[in-house]
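An overview of the molecular structure
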Amino acid sequence: MEFKIIMPRIRRELYNKEICACSIFGAMNQDGERFTGASVMTAIANMHVRGNGLGGGFAAYGIYPDYKDYYAFHLMFTGQGIAAKLSAKKELDAFLFQNFEVVYDEEIPHGDELNLSDPPLVWRYFVLPKKQGDDSLISDGDYIVGKIMWVNSRIENAYVFSSGKNMGCFKGVGYPEEIGEYFMLDKLYSAYAWTVHGRFPTNTQAWWGGAHPFSLLDTTIVHNGEISSYGTNRWYLEMYGYACTLQTDTEVIAYAADLLMRRQNLPIEIVAKILAPPIWNAIDRMNDSEKKLLTTLRMVYAPLLMNGPFAVIIGQTGRMIGLTDRIRLRPITAATRGEMFYLSSEEASIRLISPQLDRVWTPNGGEPVVGELNSMRTVLQ
Amino acid sequence: MARAVLFESSLKADQIDEKINAVLIDATDVETKELNGRLRDLMLSGEKKVNIINVCGQRFIGTRLYTPERLKMEIDIFGTPGNDLAAFLNGHKITVHGNAQDGVGNTMDSGEIFVEGRAGDVLGFSMRGGEIYVRDNCGYRTALHMKEYEDKRPVLVVGGSAQDFLGEYMAGGIAILLDLQGQTHKANFIGTGMHGGVIYLRGSVMPSQVGEQVDISPINDDDRSVLDRYVSRFVERFPEIGNRLEEILNSQFVKLTPKSKRPYSNLYAY
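In this text the structure is predicted, and so the values were computed from the model without any measurement.

1. A closer look at the interface of chain A and chain B
Facing the 19 residues of chain A at the interface are 18 residues of chain B. Ranked by the residues each element gives to the side of chain A that touches chain B, the list is headed by helix α11 (residues 347–353) of chain A, at 5 residues. Along the lines of polarity and charge, the residues of the side of chain A that touches chain B split into 8 nonpolar, 6 polar and 5 charged.

Quick look at the structure:
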């Protein structure tokens, strides 16, 4: 006998709950062999129900070997109609050519625009810093970060969303597999590491700049969760010159990673203890030297504690890091197979592209799991 | 997941009438809703045994199989089932030949689940009846708010160890962790907010790993008979771990029980 569910109200009044949560996925060949985006597109598509089509994106490492010594800037020009986009590009070009040597630039190849909602004009520039005057005293990284912040906060409708060497982000509004197809990641690019994100935006409107990954130089972040300490983190990062302009909480993790890892040179083990510190009663049980270290970190870096649930994949040249909040309120599964290293919201997505795995585990909350290239020389050569 | 035509066939065509042979479903590219709809159709048509192959992330497998007549089915899953496997399970028997993801047995009412591998987070969440056996380890928040009611007393046996928050807000039932890999229990916040049920840990645990609401005590003869019953089933069901029944039962166990049935009764009483 079948039970009939009686609809108490008419359909349009009912709130249709979607099963949802963001999806994150990462794959890395630790021997540095490069592979196309096809497999990660397949894997992320298997977690289709975790997103809602309002954001998808990829970070790919090792895709520009011919321009590996140049910073690859990916720009999006938004605005209504092509005129607004071109006007933003004109303004950006003037700024860029004044401050950088641009060796090559082109529109990023893409598929049919009709399949996606309001795609911006997306352009890439391969550049070197053109430091003048006092700027010659600062590092390339600081120079570039300063200029990116200037563009993102001063030039209307122009956003630098990728800026590392021999790597690039591709993102937009749509399901990640659609974004992958739009930018033809399965055909045009080969990378030794890919990270991917399928978005279910919770607090802000979906737009192209707000899709993941968020990045600065070669550091990229894809994130499942919600940073409830965003206000504090943002205020602290602004003191160091980071302007949060992309209207999504994840942005602060990218800038915090840049501040702690590039500018302050801290190892990931310490950075993890800053972003996701152990709670006080766990610190109380530690030995004296650990207690002193952890207490100091919590004091000095209190405003960089990321509160709220998160699972992130941090991509950098030559490595891929998985990290969750300290009580793992969002899932992450790690796996290895030969030279391949995987991170995913769900194990099934890994199994789909690699049915046999050597090891599968779920890392403890707040403990980073790191995959590194066996030889950094492979990428850097 | 792209929709695809569902492939279904009987293993031995000549015995279809007896309805005792397993029906085969190839779950390649089959969506969650479609797969569960097919399971329900098969159950209503009288099938007793179904093998699902190429499972890859489909959620809620085994839910939506309630009938007033309490029809029962055996479901064997080959592959990696998605989250909330066997949610609200009503008397069916599910075997996973591989690992399971998060939320296995979410609010299950009755039946049996065997996982020949590991399980993810929130295993046995709000479970109120039936039995779950997991051969290897499990993730965070295992047995979260597991409960019991009258004759319903859920049982969860895990061959490995659990991560933090095992038995959080536990209100009833039995959770047994055998730690067969011989690692010590590393989880923290065990039994935080626990106010019913019992957790048995093979080996030992530090008081600092356990919530303030929890008593740690040695086991007595009654506890031994409970362990005997469910560990026997575990060992029988997973022969690959070897004949370790005697060894396991003769090991040291500790019992975790709540100090109070209402640990927070005074929380807002000023």
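Additional details are given in the paragraphs that follow.
2. Digging into the domain arrangement of chain B
Frequently, the measure chosen for interface size is the accessible area that the parts lose on association. All names here are of chain B. For chain B, the assigned domains are domain 1 (1–65) and domain 2 (83–258). When each unit is reduced to the centre of its C-alpha atoms, the spacing between domain 1 and domain 2 is 29 Å. In this assembly, 6 residues from domain 1 lie in contact with 10 residues from domain 2. Per-class residue counts for the side of domain 1 that touches domain 2 are 3 nonpolar, 2 polar and 1 charged.

3. A closer look at helix α2 (residues 81–99) of chain A
Residues and elements named next belong to chain A. Over its 19 residues, α2 runs 28 Å from end to end, which matches the ideal 27 Å to within 8%, given 1.5 Å per residue. Those residues of α2 that fall on the buried side of the exposure criterion are K85, A88, L92, L96 and N99. Buried residues in α2, looked at end-on, bunch into an arc of 70°, giving them a common side. Facing away from the buried side of α2 by more than 90 degrees, the exposed set consists of A83, K90, A94 and Q98. Turning to α2, the residues buried within the fold contact β4 (71–77), β5 (100–107), β6 (121–129), α3 (140–154) and β7 (158–162).

4. Observations regarding the sheet that holds β5 of chain A
Residue and element names in this part refer to chain A. Read across the open sheet, the 4 strands follow the order β5-β6-β4-β7; overall the sheet is antiparallel. Of all strands in the sheet, those with a lone pairing partner are β5 and β7, marking the two edges. Sheet twist, expressed as the average angle between the axes of neighbouring strands with direction ignored, equals 30°. Where β4 lies against β7, 4 bridges are found, and the strand directions are antiparallel. Bridging across to β7, F77 finds its partner in A158.

5. Observations concerning the packing of helix α7 (residues 251–263) of chain A against helix α8 (residues 268–275) of chain A
Each pair of packed helices gets described by two things: the angle between the helix axes and the distance between those axes. All names here are of chain A. Viewed as axis vectors pointing N to C, α7 and α8 meet at an angle of 135°, and their least axial separation amounts to 10 Å. By the angle between their axes, α7 is oblique relative to α8. In the packing of α7 onto α8, the handedness of the crossing is right-handed. Taking contact as the criterion, the partners of A256, A257, L260 and M261 in α7 are, on α8, V271, I274 and L275. For the contact of α7 with α8, a count of residues per class yields 7 nonpolar, no polar and no charged.

How each quantity is defined
- Residues numbered from 1 in each chain as written.
- Chains lettered and ligands numbered in written order.
- Predicted model: local features only at pLDDT ≥ 70, side-chain atom pairs only at ≥ 80, totals over all residues.
- Contact = placed C-beta atoms within 7 Å.
- Helix = DSSP H or I, 4+ residues; strand = E, 2+ residues; numbered from the N terminus.
- Nonpolar A, V, L, I, M, F, W, Y, C, P; charged D, E, K, R; others polar.
- Domains from an automatic or database assignment.
- Expected span 1.5 Å × (residues − 1).
- Buried ≥ 20, exposed ≤ 12 C-beta atoms within 10 Å, placed from the backbone.
- Arc of directions from axis to C-beta.
- Pairing = 2+ DSSP bridges.
- Axes fitted to C-alpha atoms, helices over the stretch in contact; angles between N-to-C directions.
- Parallel < 35°, antiparallel > 145°, perpendicular 65-115°, else oblique.
- Left-handed = near helix turned anticlockwise from the far one by under 90°.

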